[in-house]
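# Notes for the structure review
Here is what each chain is made of, one letter per residue.
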Amino acid sequence: MNLAIIAITRNGAQLGARLQAARPRGQLFVLDRFAGAAGEMATPFSGELKELVARVWRSFDGFAFIMATGIVVRMVAPHLSGKQRDPAVVVLDEAGRFAVSLLAGHLGGANRLAVELAAACDGTPVITTATDVNGLTAWDEAARQAGLRVEPVAHIKNLNSLLLEGGRIALVDRRGRVTPFFANTPGVEVHTNFAAALQSGATGLVFVTHRLLPDLDRRPNLLALRPPDLVVGIGCNRGTGADEIEATVTRELGRAFLAFASVGRLASVQEKVDEAGLLEFAARHALPLDVYPAAALNTVIAPSPASPHALAAVGAKGVCEPAAILAAAGGPLLITKKKSGNVTIAVAEKVD
């Protein structure tokens, strides 16, 4: 986790230095007149705290504020945008007695962060989420630890409430990504396929899948946990816009009943490393882009015949299919080459 540690008092600066020593990736911000108490690694700031928070809010995955909880609530409130997007926020008193998980306890990892920071200063973590205090693993916490995405986020509260009530929840998790978290949880029953789960009579349903689920938004007791195991290989003409690329990717995924939320990375040929539209599309969805030289793409056996256009343009027999296969570490193609306008795409599955 990329962590910002923020202190506004002398004692807070000293505690911040201890936390930074325990978290080497953390960046310590200290009010300038107390920066000397934090050592050479501190980043001094002047002016209003709210200005600093506004400036760095989108640059960090987590925040450790060493100050009163009320101050923090007022500082972060204008920047909150949703359960799946907000960073972890932990508040510590300047004596290091308590580390309070304030925001994004599960998906953002604030509960775990509070435990780690409390250990670093010999304090006590304060966790208030109902599942945790009852010794249960919340669905969003299991998803975070397994590297899965939650869809729709609004359904989390319904499935977590069922956990607390001991209600019946049918889980389909063919690769066992989250099953171990619920091995001894009353009410959670594991099924091998969707049909069996749907016919079980369970009140709640949790499916770990990259497949589209019909009417997902309209079924409040159905939760999808999305593994980011889809790799989209993309070829495009020079100057193709991000909107056209996105429209093609979205359409072809839908036709194949695959969820966009399970796209984990993009892949293309080396010549596209500076393709503005492709880079914008990748940035828009925070997706890494892997690029490969034509020679590497030409070593891959792909189902579609060689493309004279790709050979002439970049020296590769094909782009989207071999790029997807390489980025998926040889995983199977789920969508073979599809062309629309200036864009070609293929989708491979990265198998763990």
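Now for a description of the structure that goes with this document. Treat the numbers as computed from the prediction; the structure is a model and nothing was measured.

## A few points about the overall build of the protein chain
A count of helices and strands for the protein chain gives 13 helices and 17 strands. With respect to the principal axes defined by its C-alpha atoms, the protein chain has extents near 70 × 55 × 30 Å. Taking all 352 residues of the protein chain together, 48% fall into the buried category. Once local pairs closer than 6 in sequence are excluded, the contacts in the protein chain between residues at least 24 apart make up 59%. Just so you have it, the protein chain exposes about 15900 Å², and 53% of that area is on carbon and sulfur atoms. Within the protein chain, one finds 35 positive and 32 negative side-chain charges whose respective centroids are separated by 3 Å.

## Brief notes about the side chain of Asp 173
Its place among the elements puts Asp 173 in the loop between strand 9 (169–172) and strand 10 (188–191). Within the buried set, Asp 173 has no salt-bridge partner at all; the shortest N-O distance to an opposite charge, 5.3 Å, is to Arg 177. Here Arg 177 takes part through its backbone nitrogen, which lies 2.8 Å from a polar atom of the side chain of Asp 173.

## Notes on the environment of Ile 335
Within the fold, Ile 335 resides in strand 16 (residues 333–340). When its relative accessible area of 4% is taken as the criterion, Ile 335 is described as buried. Remark: the alpha-carbon pair of Ile 335 and Arg 23, spanning 312 residues in sequence, is separated by 42 Å. When near neighbours in sequence (up to four residues on either side) are disregarded, Ile 335 contacts Glu 252, Leu 253, Ala 256, Leu 258, Ala 346 and Val 347.

## Section: the packing of aromatic side chains
A full pass over the atoms with the stated rule returns 7 aromatic pairs. Note on Phe 194 and Phe 207: the rings are 4.6 Å apart at their centroids and 20° apart in plane angle, and the pair reads as stacked. In this pair, Phe 194 sits in helix 8 (residues 194–198) while Phe 207 sits in strand 11 (residues 204–208), placing the two residues 13 residues apart along the sequence. Since its relative accessible area comes to 3%, Phe 207 is described here as buried. Taking 6.4 Å as the distance between ring centres and 80° as the angle between the ring planes, the aromatic pair formed by Phe 260 and Phe 281 counts as edge-to-face. Here Phe 260, found in the loop between helix 9 (242–255) and strand 14 (263–269), pairs with Phe 281, found in helix 10 (residues 276–284); they are 21 residues apart in sequence, far enough to count as distant. The exposure class of Phe 281 is buried, given its relative accessible area of 0%. Here a set of aromatic residues connected by ring pairs shows up, and it is made of Phe 29, Trp 57, Phe 60, Phe 63 and Phe 65. Above the plane of the ring of Phe 194 lies Arg 174, whose end atom (NZ or CZ) is 5.1 Å from the centre.

## Section: the layout of surface pockets
When its volume is computed, the largest pocket comes out at roughly 1000 Å³. Lining the largest pocket we find 31 residues, and of these Gln 84, Arg 85, Leu 107, Arg 149 and Ala 286 sit closest to its centre. Residue assignment for the lining of the largest pocket shows that the elements contributing at least two residues are strand 8 (149–151) and strand 14. Counting residues per element, the lining of the largest pocket draws most heavily on strand 8, which supplies 3 residues. Residue composition of the lining of the largest pocket, by class: 15 nonpolar, 8 polar and 8 charged. Each pocket or cavity is described by its volume, and for the second largest pocket that value is around 540 Å³. Lining the second largest pocket are 31 residues, and of these Ser 307, Ala 310, Gly 318, Val 319 and Lys 337 lie nearest its centre. Breaking the lining of the second largest pocket down by element, the ones donating at least two residues are strand 13 (230–236), helix 12 (308–314), helix 13 (320–327), strand 16 and strand 17 (343–349). Looking at the lining of the second largest pocket element by element, the count peaks at 4 residues for helix 12. Taken together, the residues that form the lining of the second largest pocket break down as 15 nonpolar, 10 polar and 6 charged.

## Brief notes about the sheet that holds strand 8
Spatially, the 5 strands line up as an open sheet ordered 8-12-11-9-10, and their pairing is mixed. Only two strands of the sheet have a single neighbouring strand rather than two, namely strand 8 and strand 10. Within this sheet the neighbouring strands show an average axis-to-axis angle of 20°, counted without direction. In the sheet, strand 9 pairs with strand 11 via 4 bridges, with the strands oriented parallel. Across the sheet, residue Ile 169 finds its bridge partner in strand 11, namely Gly 204. With respect to the sheet, helix 6 (residues 139–146) is in contact with strand 8, strand 9, strand 10, strand 11 and strand 12 (222–226), its orientation differing from that of strand 12 by roughly 15°.

The rules behind the values
- Residues numbered from 1 in each chain as written.
- Predicted model: local features only at pLDDT ≥ 70, side-chain atom pairs only at ≥ 80, totals over all residues.
- Heavy atoms only, no water.
- Helix = DSSP H or I, 4+ residues; strand = E, 2+ residues; numbered from the N terminus.
- Buried < 20%, exposed > 50% of the residue type's maximum accessible area, 1.4 Å probe, protein only.
- Contact = heavy atoms within 4.5 Å.
- Areas by Shrake-Rupley, 256 points an atom, 1.4 Å probe, with all protein chains shown as cover.
- Lys, Arg positive; Asp, Glu negative; His and termini not counted.
- Charge placed at Lys NZ, Arg CZ, Asp CG, Glu CD.
- Salt bridge = Lys/Arg side-chain N within 4 Å of Asp/Glu carboxyl O.
- Polar contact = N/O pair within 3.5 Å; in protein donor to acceptor, adjacent residues only side chain to side chain.
- Phe/Tyr/Trp six-rings, centres within 6.5 Å; stacked < 30°, edge-to-face > 60°.
- Lys NZ or Arg CZ within 6 Å of the ring centre and 35° of its normal.
- 1 Å grid on protein atoms, 1.4 Å probe; cavity = no way out; pocket = protein on both sides within 12 Å on 5 of 7 lines; lining within 4 Å.
- Points joined across faces, edges and corners; volume = space filled by probe spheres on them.
- Nonpolar A, V, L, I, M, F, W, Y, C, P; charged D, E, K, R; others polar.
- Pairing = 2+ DSSP bridges.
- Axes fitted to C-alpha atoms, helices over the stretch in contact; angles between N-to-C directions.

Geometry only, nothing functional implied.
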